[in-house]
Amino acid sequence: MLRIECPWCGPRDMVEFTYVGDGTLQRPAIGAEAGHFDYVYLRDNPKGVHVELWRHGAGCRQHVAVKRDTLSHDILQCGKPGEVTK
Amino acid sequence: MTGPGQINRHAEAGRIDRTRRISFTFDGVPMTGFEGDTLASALLANGVKLVGRSFKYHRPRGIFSNGPEEPNALVRLRVGDRVEPNTRATMIPLYDGLVAESQNRWPSLAFDVQAVNQLFARFLPAGFYYKTFMGPFANTKLWMRFERSIRKAAGMGTGTHAPDPDEYDKMSAHCEVLVIGAGPAGIAAARAAAASGGRVILLDEREEIGGRLLMERFQVDGLESGEWLARERGALEAAGNVRILPRTTAFGYYDQNMIGAVERVCDHLIKPPPHQPRQRLWSIRATEVVLATGAIEQPLIFADNDRPGVMLAGAVRGFANQYGVLAGKRIVVAANNDDAYRTAIDLHDLGATIESIVDVRPKGPGPIRQEAKDRGITYLRGYAPVKAQGRRAVRQLAILKLDENGKATGSQRAAACDLVAMSGGWQPTLHLSSQTGAKAYWDAEKCCFLPGPPRQRERSAGACAGVFTLPECLAHGHAAGLEAAEAAGLARPEIEAPKASAPQEVPPRAYWECPDPINTPGKKFVDHQDDVAASDVRLAHREGYISVEHLKRYTTLGMGTDQGKTSNIPGFAIMAKARGVEIGQTGTTTFRPPYTPVALGALAGPEVGERYMALRRTPMDGWHEEQGCEWIDAGLWRRPRYYPSGPRESLFDAYIRETMATRGSLGIVDVTTLGKIDIQGPDAAEFLNRLYINGWKTLPVGKARYGLMLREDGIVLDDGTTSRLGEQHYLMTTTTANAVRIMAWIDYHLQVVWPDLRVKAVSVTEQWAAMALAGPNARKALEKVVDIDLSSEAFPFMACGPATLNKGSAAGEIKGRLFRISFSGELAYELNVPADYGRAAWEMLMQAGAEFDITPYGMEALGNMRIEKGHVAGPELDGRTTADDLGMGRMMSSKKDFIGAKLAGREDLIRADRKQVVGLVPVDGKTKLRQGAQLVEKDAPAEAGTLAAGGKPIPMIGNVTSTGYSPELDHPIALGLVVNGRARLGEEISMRYPLRGLSVPVKIVEPVFVDPKGERLHG
């Protein structure tokens, strides 16, 4: 059971969160003509460090950026979206 | 029938309470034991040798161990709806009135018909199922017939289909140091950690703490071990920061030091007292963990080593010292290590005859050998047991001398005995350590796997770390407790380690499989529970299944309820030898939770029946219930499906009556469950512009608009109306099903994608009760209670604004919001009031509508009326349809960008021949259409025929999505998706419903059946 350090609520069990997905995606700007396909479909599946988003649905409803090792399940860093980078 | 009494009970030995006699039955035979017994010790005391039949060959089996590793003594416990199969007799505390039955036997334990399976043993080799069903019989249906009889013959115990009458509980706990296992190392660790002042939890799977100390004649700190245990337990309890949980098995080690444990709160009683759970599931989050899980003794592998009367040596000693039970009177001890000598010594001292000790190790001195010698016990060095002789119980043990390579030499001898106490050495219990991902490694000197470097904040102490003697265990546990406390950030405590002494041990020998007996057959069992023999392991090797994971799955080695606790090591050793490698190179199979079986009831806990899921009720729920409505689930909500006018009114009659009453005069429906999201901020309109396909910047205050949202990939996500309540204030509605999803969608975009937008959004679904008043008399009824002008000029279609009910009334006024929107196609108003006023407002409207025969309607009528109007809903928004498929392609604004805009333009999503929403009616005007039925061309053949006979699949051109019945048109209606459907209006096609053998001619029509010009809602 992962434990995620919500920047707003403190450390909480993962059952309070919903996994959202890759936390490094950049949506093409409004009006942009290209990049939508990559944004919707293309994902890395890294063995090792992954920055991802979890939604604290049973808590503050905020998205939390989590840097996690997909191999060991170690959580390396938690923060607000955009604050956590690979 | 009665048993012979407690013939194997020693007069004084043991920690049982002889003043408290306990009655129980086994296979219907009444017996007695004492307080402190387990079922296994009581059965042995009563001279019961045969306790079960094996899984595959139905061989007689006796009690093998005295702990959680027991592979044989599985019994069906309790009666009626409390029956529990496959419980281990060694772990069941004896209680008054206990009822247990043996398993896997028919008609009786002593005479089992299927024991003839033994004669066919060579036809039931490893991989039997695989070979049978993947070989010549593959692709036949024969396996179905086989499976039934094989399953019955090779069955485990049977349970009950009755609901479990007992309660189960769940508990969370946090601590600085969790100590798992309360043997000498665990207790030493707990007392050291507790001295730091931090929160300590000490748990153990047995009835009382002490572990091996309960089963040995040891002294600690100069005290007899029982006295020392009492002293330490008292000190831990008095400390105030230690929680002691006996009867609690830590079964799983999860990420970030979360440990799952199950406490058997009332399993020692016939039934739990009121308000007590049978079991409790613990989720323990520990800063630091000390694993003191001990070790499990391994067997030696020789012919017929599964006979009742062949037991693990440590178990024999444990039964004697803890329960005063002598499992045999004339004993042969066979071992590859020093520890088993202690069994001979202790049993000798209690008056049993030690026939001899058969030691597979060569000659050599040793303190423990001297102790045995001093008592006049004979021991044979360099000998191995080769066969247990005797049909239902062991009568003698055949032995052979070994040469220096471990091969048999010389002639076979036999030692008369009624009990063989064997030991293949102790294997650390690595289950929890391995579950963390720590990789076990082989220690050639200690002849066992040891825990690998920790992957979590844990350390192993005592026997589970390969530290086996008592003084070392105490010191190791003590050090682990200090280290854990310090690692958890506590001050390093000042406390002395407990002290004990023990003779120096001579290392064991890595020797498990003994030579074959001379001139006599016999299966050498490795896994007793799954009937896997040494020959099966070698067969797997010959057939190429050489990895331990393949070995496990091919032979079922270690796949029983005991998960190979006494069979994996010898099994892997035999495989290693066959491959010509060291056992360390074969490795172990992966340990996964649970360590021992956990009842599903404990995992479910209290969340069963009506507590399984939350039930969401609208503020008007009580009113609906009083009307006797029939309910339908909508996610977690319950909503009225229809309101039967009497006990005889059918669903169909009711929803048609509700439809006609609404269209004829006035209906009312509870729409609270629709998602409501309050959106505010200077950029709110811009945000809506990005979410919806249509434009929002021109929507004036006091107006509502229908909107459609796409996913990023261009497929329709959801629809609903959004109203502008103020300059920077909007109220969005979503479908009931998608309320949570859309809120998350909005949160994601506001927090992650466009954090620069000055917008806040919050769900207000539960804050507002919502009800719709629909029908030609809706205005007349509503006018009586609201304070605003409802004329079409003042409050036209799609108008919205604040409204007050019963303004200025002495009975109290209700402030709410009114929306002139319509899902039914009638003149309709939707009223939102704060949730607490929901029922009062509803009743006010019921009263106002009484003169118009106001009729409450449920989901069926609501759905029927939306089909009559061709409004799309869940069945059409199926995750594959585009806006254009739904007939709303023109809503997509070309003046702005929005979510899904780009990818909606992809080639396949704008094909002309996509499926489009159309209306469908039966050509005969009578036959009901079926939701989900397939649509094919009119002249499609009735049956495709088989491919073998040259048949071709019949092209499917669409499917029926929603069905209803229009009382106004007086015939069945439906919506469906049909390839290029809008261009085929008026054409006849065919609906096929093979489940009912239906083939119905249907006509494609416009999807709006009633009031196509929309005059009523503008009225």
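Reading the values: the criteria
Residues numbered from 1 in each chain as written. Chains lettered and ligands numbered in written order. Predicted model: local features only at pLDDT ≥ 70, side-chain atom pairs only at ≥ 80, totals over all residues. Heavy atoms only, no water. Patch = residues over 30% accessible without salt bridge, like charges linked within 9 Å, V, L, I, M, F, W, Y side chains within 5 Å. Areas by Shrake-Rupley, 256 points an atom, 1.4 Å probe, with all protein chains shown as cover. Salt bridge = Lys/Arg side-chain N within 4 Å of Asp/Glu carboxyl O. Helix = DSSP H or I, 4+ residues; strand = E, 2+ residues; numbered from the N terminus. Buried < 20%, exposed > 50% of the residue type's maximum accessible area, 1.4 Å probe, protein only. Axes fitted to C-alpha atoms, helices over the stretch in contact; angles between N-to-C directions. Parallel < 35°, antiparallel > 145°, perpendicular 65-115°, else oblique. Left-handed = near helix turned anticlockwise from the far one by under 90°. Contact = heavy atoms within 4.5 Å. Pairing = 2+ DSSP bridges. Buried area = accessible area lost by both parts, 1.4 Å probe. Polar contact = N/O pair within 3.5 Å; in protein donor to acceptor, adjacent residues only side chain to side chain. Nonpolar A, V, L, I, M, F, W, Y, C, P; charged D, E, K, R; others polar. Lys, Arg positive; Asp, Glu negative; His and termini not counted. Phe/Tyr/Trp six-rings, centres within 6.5 Å; stacked < 30°, edge-to-face > 60°. Lys NZ or Arg CZ within 6 Å of the ring centre and 35° of its normal. Core = buried A, V, L, I, M, F, W, Y, C linked by side-chain atoms within 4.5 Å.

Undergrad: Could you give an account of a nonpolar patch on the surface, naming the residues involved and the relevant values?
TA: All names here are of chain A. A surface patch of nonpolar side chains, amounting to about 300 Å² of accessible area, comprises Phe37, Tyr41 and Leu42. By the secondary structure assignment, Tyr41 is in helix H1 (residues 36–41). For Tyr41, a relative accessible area of 38% gives the class partly exposed.

Undergrad: Mind laying out the packing of helix H4 (residues 184–194) of chain B against helix H5 (residues 225–239) of chain B, listing which residues take part and the relevant values?
TA: All names here are of chain B. Where H4 contacts H5, the axes come no closer than 11 Å and their chain directions differ by 30°. By the angle between their directions, the pair H4 and H5 is classed as roughly parallel. The hand of the H4/H5 crossing is left-handed. In this structure, H4 contributes Ile187, Ala190, Arg191 and Ala194 to the contact, and H5 contributes Trp228, Leu229, Glu232 and Leu236.

Undergrad: Quick one: what's the story with the pairing of strand S5 (residues 74–77) of chain B, residue by residue and with numbers?
TA: Residues and elements named next belong to chain B. Taken together, the 3 bridges between S5 and strand S6 (residues 84–88) define a ladder with antiparallel strand orientation. Its bridge partner lying in S6, Leu77 is registered against Glu84. Counting the residues that bridge the hairpin from S5 to S6 gives 6 residues, and of these Arg78 lies at a positive phi of roughly 70°. As paired elements, S5 and strand S7 (residues 98–102) share 3 bridges and run antiparallel to each other. Within S7, the residue paired with Leu77 across the bridge is Ala100.

Undergrad: Run through helix H12 (residues 548–555) of chain B, naming residues and quoting values.
TA: Buried residues of H12 of chain B: Val548, Leu551, Lys552, Tyr554 and Thr555 of chain B, and no others. At the exit of H12 of chain B stands Thr556 of chain B, carrying a positive phi of roughly 70°.

Undergrad: So what about the environment of Glu783 of chain B? Which residues, and what values?
TA: Residues and elements named next belong to chain B. Its place among the elements puts Glu783 in helix H20 (residues 778–783). Overall, the relative accessible area of 40% leaves Glu783 in the partly exposed class. Between the C-alpha atom of Glu783 and that of Ala848, which follows or precedes it by 65 residues, the distance is 8.8 Å.

Undergrad: Account for the interface of chain A and chain B, with residues named and values stated.
TA: On the chain B side, the residues contacting the 27 residues of chain A number 28 residues. Summing both partners gives a buried area of about 2300 Å² for chain A against chain B, and 50% of it is carried by carbon and sulfur. Taken together, chain A and chain B are joined by 4 salt bridges. The salt bridge partner of Arg61 of chain A is Asp747 of chain B, with a shortest N-O separation of 2.9 Å. Counting the contacts that link chain A with chain B gives 13 residue pairs in polar contact (both at pLDDT 80 or more). Listed by contribution, the elements that provide at least two residues to the side of chain A that touches chain B are H1 and strand S4 (49–55) of chain A. Tallied by class, the residues present in the side of chain A that touches chain B amount to 14 nonpolar, 6 polar and 7 charged.

Undergrad: Lay out the packing of helix H7 (residues 339–349) of chain B against helix H8 (residues 367–374) of chain B with the relevant residues and their values.
TA: All names here are of chain B. Look at H7 against H8: their axes get within 10 Å of each other, and the N-to-C directions meet at 20°. Considering the angle they form, H7 stands roughly parallel to H8. As H7 packs across H8, the resulting crossing turns out to be left-handed. Packed against H7, whose contacting residues are Tyr341, Arg342 and Ile345, the element H8 presents Ile368, Arg369, Glu371 and Ala372 at the interface. Split into classes, the residues belonging to the contact of H7 with H8 amount to 4 nonpolar, no polar and 3 charged.

Undergrad: So what about the sheet that holds strand S22 (residues 396–402) of chain B? Which residues, and what values?
TA: Residues and elements named next belong to chain B. Pairing in this open sheet of 3 strands is antiparallel, and the strands run S21-S22-S23 from one edge to the other. Each edge of the open sheet is held by one strand with a lone partner, namely strand S21 (383–389) and strand S23 (408–416). Geometrically, the sheet is characterised by an average inter-axis angle of 25° between neighbouring strands, direction not taken into account. When S22 meets S23, the two strands line up antiparallel, connected through 6 bridges.

Undergrad: Account for the side chain of Asp527 of chain B, with residues named and values stated.
TA: Residue and element names in this part refer to chain B. With respect to the helices, strands and loops of the structure, Asp527 is situated in strand S29 (residues 525–527). As a buried residue without a salt bridge, Asp527 has its nearest oppositely charged side chain in Arg61, at a separation of 7.0 Å. Within the structure, the side chain of Asp527 is placed 3.1 Å from the backbone nitrogen of Asp530, a separation counted as a polar contact. Sequence-distant contacts of Asp527, defined by excluding residues within four places in its chain, comprise Val532, Thr556, Leu557, Gly558, Met559, Asp562 and Ser567.

Undergrad: Please give an account of the packing of aromatic side chains that cites residues and values.
TA: Residue and element names in this part refer to chain B. Summed over the entire model, instances satisfying the criterion amount to 15 aromatic pairs over all chains. Both rings, one in Tyr57 and one in Phe525, keep their centres 6.5 Å apart while their planes meet at 65°; by these two values the pair is edge-to-face. Of this pair, Tyr57 sits in the loop between strand S3 (52–53) and strand S4 (60–61) while Phe525 sits in strand S29, and the two are 468 residues apart along the sequence. Neither residue differs from the other here; Tyr57 and Phe525 are each classed as buried. An aromatic cluster of three or more residues is present, and its members are Trp442, Phe449 and Trp512. Here the basic side chain of Arg690 rests over the ring of Trp754, its NZ or CZ set 4.9 Å away from the ring centre.

Undergrad: Run through the nonpolar core, naming residues and quoting values.
TA: Counting residues in hydrophobic clusters, the biggest one holds 79 residues, and the most contacted among them are Phe26 and Leu39 of chain B. With 33 residues, the next largest nonpolar core counts Leu805, Tyr829, Leu831 and Leu845 of chain B among its residues.

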